[in-house]
Amino acid sequence: MKEIARSVKESHCHDCHVELSDDMPDRKNYRWMEEKLHSQVLAEPVAGPTTPQDSKDRIPFNIHYTGKPFFDPKTVKGQDIVDAAKTGNKGFEDFDEQRNKFLYEEDTGIVEEEKCFFAGRGFKPEESKGYVPIPKFQLKDDSEESWNKLQEKVLGTSMCLIKGIKVDEETFSLETLAKVAPKYKLRILRQLPQPTLCNFVQKPIARGSRAGSRRWFTEQAEQFTTVKKYSEYFNGMRAAGEVAVRKIYENPETADEVLKKLEGDLKKVAGSVGIKLKKSYTHLVAFGTNFDVEERLADTKNFRFASQMAEINKFKAFLSPHGNLLGFTKVSLRGLNKPQIYWKVPGCRTCAHLENNGLGSINYNIGPGTCIWYGIPLECAGKFQKLLKKRLGEDLGKALHSNDYWPSEEEIIEEGIPLQKFCQKPGDLAYVGNGTYHWVQSNDFTTNISWNIGQPTFVQLATAAVVNDNYLANQTYSIMPLETICWNMIIEGFEMDQRMKELVKRMAMRSLSKTQSQLDFFVKKNIKIFAPSQLNKGIYGTERCRLCADNLFNYIPLISTYTSKDPRTGKPINTSQPYCIKCVESCQEWKGCKVYSRHTMEDLVKYLDSVEL
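Rules behind the numbers
Residues numbered from 1 in each chain as written. Predicted model: local features only at pLDDT ≥ 70, side-chain atom pairs only at ≥ 80, totals over all residues. Heavy atoms only, no water. Phe/Tyr/Trp six-rings, centres within 6.5 Å; stacked < 30°, edge-to-face > 60°. Helix = DSSP H or I, 4+ residues; strand = E, 2+ residues; numbered from the N terminus. Buried < 20%, exposed > 50% of the residue type's maximum accessible area, 1.4 Å probe, protein only. Polar contact = N/O pair within 3.5 Å; in protein donor to acceptor, adjacent residues only side chain to side chain. Contact = heavy atoms within 4.5 Å. Pairing = 2+ DSSP bridges. Axes fitted to C-alpha atoms, helices over the stretch in contact; angles between N-to-C directions. Expected span 1.5 Å × (residues − 1). Parallel < 35°, antiparallel > 145°, perpendicular 65-115°, else oblique. Left-handed = near helix turned anticlockwise from the far one by under 90°. Nonpolar A, V, L, I, M, F, W, Y, C, P; charged D, E, K, R; others polar. pLDDT = per-residue confidence, 0-100.

### Brief notes about the packing of aromatic side chains
Then step 1. Scanning all chains against the criterion turns up 25 aromatic pairs.
Then step 2. Ring centres of phenylalanine 291 and tryptophan 343 lie 5.3 Å apart, and the angle between their planes is 65°; this geometry places the pair in the edge-to-face category. Remark: tryptophan 343 occurs in strand β7 (residues 340-344) and phenylalanine 291 occurs in strand β6 (residues 285-292); sequence separation between them is 52 residues.
Then step 3. When its relative accessible area of 0% is taken as the criterion, tryptophan 343 is described as buried.
Then step 4. Aromatic pair phenylalanine 315 and tryptophan 451: ring centres 5.0 Å apart, planes at 90°, arrangement edge-to-face. Separated by 136 residues along the polypeptide, phenylalanine 315 in the loop between α9 (306-312) and β7 and tryptophan 451 in strand β14 (residues 446-453) bring together distant segments of the chain. The exposure classification of phenylalanine 315 matches that of tryptophan 451, with both residues buried.

Structural data, given as C-alpha cells:
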C-alpha cells in the first residue's frame with residue numbers, strides 16, 4: 001500500500017499559514033499591476049477627428065475599453081458625446097487588435113518578493129524552483145474585525161486558502177440532493193483518470209488533429225443523467241474502492257488479485273450512468289458538473305433549492321455571488337453568478353481557464369477527499385497564453401478561451417512562468433483572485449460548491465475591461481454584461497471611490513457613443529423603435545444575441561423565430577428571440593424585427609452627467 005500511495009503522491013504543493021495581522025507582499029497593490037491597469041483604462045485623452053467621418057464608419061461598432069479617449073471625462077458632457085457620435089466620431093481611438101491579442105507578460109518583482117516572504121514561513125525555494133506558494137488564512141472567530149482583516153488579505157492574493165468558514169455540508173451532499181431532485185438533468189463529463197502530471201488522450205474520443213497531441217489538448221465526452229443515477233454511480237465507485245483497500249490491508253499478498261477485481265467492478269459501475277458505454281469507454285470516470293443551485297420555481301420568486309440558497313446567502317458580501325458587481329446584472333446568469341455544485345470521483349478535471357472577464361471565484365470543498373489546484377497569476381497571463389498558442393497551434397482564434405486543455409507543469413516551469421500548486425482539503429475554501437488562470441483535479445471523492453465573484457473595486461472592473469478587449473482580439477464575446485453593470489451602478493448611485501468612478505464614467509462614455517451610433521443606424525433603416533414604456537415584458541435585465549452571444553444593452557432587436565401551439569388551448573404562440581444588429585443585418589431579417597429600448601438617449605445623457613469627477 002505504501003508503494004501504491006508513493007506512486008501517486010503529489011509533489012510541489014505549497015501553501016503557507018499567514019496570520020491576518022501579517023503585512024502581505026502585495027502592499028495593497030494587486031500583483032503590483034495597478035499602474036499598468038491604470039495606463040490601459042484611464043489613459044490621458046487626446047485630440048480626436050475634427051471633420052465628419054465616412055458613412056461606413058457609422059455602422060454600429062463593438063465596444064472596447066482600452067486606448068485613449070477623445071474627451072476629458074472630467075469636463076465632457078453627455079450631449080457632446082452624442083453630437084460627436086452623430087458625425088461618426090466614436091470618441092476614442094480605434095481598437096488595437098495586436099496590442100490586445102495577449103494579456104500581461106510583466107516581471108513586476110512580486111513573485112521574488114513572495115518567495116522571500118514565504119521562505120520565512122517554511123517554504124524552501126531552492127527545492128521547488130519555479131513554484132510559488134499561496135497564503136493560507138485561518139478565520140479564528142466570527143467578529144467583524146476578523147472578517148475585515150480577512151477581506152483585506154484575500155483581495156490582495158492571486159490565490160489563497162481560507163480555513164474556518166463553516167458550511168452545513170450535509171445540505172449540499174449528493175445523498176441530500178438525490179432525494180430533493182432525483183430527476184434533475186445533470187451534465188456529466190467522461191474523462192480519462194490519470195495522475196496530474198500526465199495528459200494521455202483517450203483515442204476513441206479524440207478527433208482529428210487533436211488525437212496526436214498528448215501534452216496539452218484533452219478530450220472529454222459530454223453526457224447527461226439524473227442526480228439519482230449519478231448518486232448510485234458515485235456511491236458504487238466509492239464502495240468498490242473501499243472494499244478493495246480493506247482487503248489489501250487485511251491480506252497484502254492478494255493485492256494484484258484484488259486490484260484486478262476492482263478494475264472489473266469499476267468498469268461495471270461506470271456503465272451504470274449516462275449513455276451505455278462500449279467496452280473501450282468503461283474505464284472513463286464521470287464528472288458530475290454544473291448543478292445549478294439558484295433555480296427558481298416556475299412563476300414564483302421562490303428557490304427550488306431553498307435550503308442550499310439559504311446556506312449560500314450566509315457568506316459575507318466579498319465572498320457572495322450577489323453582493324458585488326454581478327448584482328448589477330439584475331439576472332442570474334449560468335456560468336457567471338449562479339452558484340453551482342460539482343461532484344467528483346478520483347481523476348476528474350476542470351481544465352485550465354480564466355474566469356469570465358477575469359473575475360474572481362470561490363470554491364468550497366465539502367470532501368471527503370482532496371483536490372489539487374494550479375494557478376498562474378495575472379501578471380504572467382499573457383506569457384501563459386503565448387505558450388498555450390505555441391502548444392495548441394498557431395491558428396487558435398476562439399480556441400484561446402474555449403479549448404479544453406491540461407497544461408504541462410514541466411513546460412510551464414521551463415518557460416519561466418511562476419506556477420502555484422496546492423492541495424485543497426475538506427473544509428478548505430479556495431479563493432481565486434481576478435485575472436488568475438487555474439485548473440483543478442480531484443484525487444479522491446469530493447463535493448464542491450463554487451461561484452464567480454466580481455469585487456466592487458477598480459482593480460476588478462479594470463481587469464474585466466482589459467479581458468473584454470482580449471476577448472475581442474481573439475474573436476470571443478464577453479459573457480459579463482459590462483455596459484449594463486456600469487449604467488446600473490450610475491443609475492442606482494452606487495458609492496465608489498474617485499478612481500472607480502472615473503473608470504465607470506469612461507466605460508459609460510463609450511457605451512453612450514455606441515448607443516447613439518445604433519440609434520442613427522435604425523433611423524437610417526427607417527426602423528421603428530419602441531419606447532422604454534413599451535418594453536416587451538419578455539425582455540430580461542440582461543440580454544444576449546442568440547447567434548453570436550454579444551451582450552445587448554439599450555436596443556434589443558427581437559425576431560419571431562417560430563410559432564408553436566399552447567398545449568392547453570391549442571392557440572398559436574409566437575416566440576421571439578433577441579439578436580444583435582450585426583446578426584440581423586447579416587440575415588436581412590429587419591422586416592419581421594421589433595426593436596425595443598430600455599432608456600431614452602436623453603435619460604442616458606442625464607445619467608452620465610450625474611457622475612462628477
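### Re the side chain of asparagine 337
Then step 1. Checked against the element boundaries, asparagine 337 lands in the loop between α9 and β7.
Then step 2. By relative accessible area, which is 2% here, asparagine 337 ends up buried.
Then step 3. One polar contact links the side chain of asparagine 337 to the main-chain carbonyl oxygen of leucine 326, over a distance of 3.5 Å.
Then step 4. A distance of 3.4 Å separates polar atoms of two side chains, one belonging to asparagine 337 and the other to threonine 329.
Then step 5. Among all residues touching asparagine 337, those that are not within four sequence positions of it are Glu294, Pro321, His322, Leu326, Thr329, Val331 and Ser332.

### Observations concerning the sheet that holds strand β11 (residues 420-424)
Then step 1. On the basis of which strands lie adjacent, the open sheet formed by 4 strands has the order β8-β13-β10-β11 and antiparallel pairing. In this open sheet, the two strands that pair with only one neighbour each are β8 (349-353) and β11. Ignoring strand direction, the axes of neighbouring strands in this sheet form an average angle of 15°.
Then step 2. Here 6 bridges tie strand β10 (residues 371-376) to strand β13 (residues 437-442), and the two strands are oriented antiparallel to one another. Counterpart to isoleucine 376 in the pairing with β13 is tyrosine 437.

### Overview of helix α8 (residues 255-270)
Then step 1. Taking 1.5 Å of rise per residue, the 16 residues of α8 would be expected to cover 22 Å, and the 22 Å separating its terminal C-alpha atoms lies within 8% of that figure.
Then step 2. Where α8 is buried, its residues contact β4 (185-191) and α7 (227-250).

### Concerning the sheet that holds strand β2 (residues 134-138)
Backbone hydrogen bonds are what pair the strands of a sheet, in a parallel or an antiparallel way.
Then step 1. With mixed pairing, 10 strands are arranged side by side in an open sheet as β1-β2-β3-β12-β9-β14-β7-β6-β4-β5. With one partner strand each, in any of the chains shown, β1 (15-17) and β5 (221-226) form the two edges of the open sheet. Recorded for the sheet is a direction-independent mean angle of 25° between the axes of neighbouring strands.
Then step 2. Pairing between β7 and β14: 5 bridges, direction antiparallel. Across the sheet, residue tyrosine 342 finds its bridge partner in β14, namely asparagine 448.

### Some words on the packing of helix α14 (residues 482-491) against helix α17 (residues 601-609)
Then step 1. Closest axis-to-axis distance for the α14/α17 pair is 9 Å, and the angle between their directions is 70°. As summarised for this structure, α14 and α17 are arranged roughly perpendicular, according to the angle between their axes. Both α14 and α17 take part in a crossing whose hand is left-handed. Contacts from Trp487, Ile490 and Ile491 of α14 reach α17 at Leu604, Tyr607 and Leu608.
Then step 2. Along the lines of polarity and charge, the residues of the contact of α14 with α17 split into 6 nonpolar, no polar and no charged.

### What about the side chain of asparagine 324?
Then step 1. Structurally, the position occupied by asparagine 324 is in the loop between α9 and β7.
Then step 2. A distance of 3.3 Å separates a polar atom in the side chain of asparagine 324 from the backbone nitrogen of glycine 454.
Then step 3. The contacts of asparagine 324, once residues within four sequence positions are left out, are Ala317, Ile453, Gly454, Gln455 and Pro456.

### Regarding the confidence of the model for the protein
Then step 1. Per-residue confidence for the protein gives a mean pLDDT of 89; residues scoring 70 or more make up 90%.
Then step 2. Across residues 204-214, confidence stays below pLDDT 50; counting only partners more than four residues off in sequence or on other chains, it has 19 contacts.

### A word on the packing of helix α3 (residues 78-86) against α17
Then step 1. Relative orientation of the contacting elements α3 and α17 amounts to 135°, with a least axis distance of 8 Å. With respect to α17, the axis of α3 lies oblique. Residues Gly78, Gln79, Ile81 and Val82 of α3 touch α17, and the partners they reach there are Met601, Val605, Leu608 and Asp609.
Then step 2. Looking at side-chain class alone, the contact of α3 with α17 contains 5 nonpolar, 2 polar and 1 charged residues.

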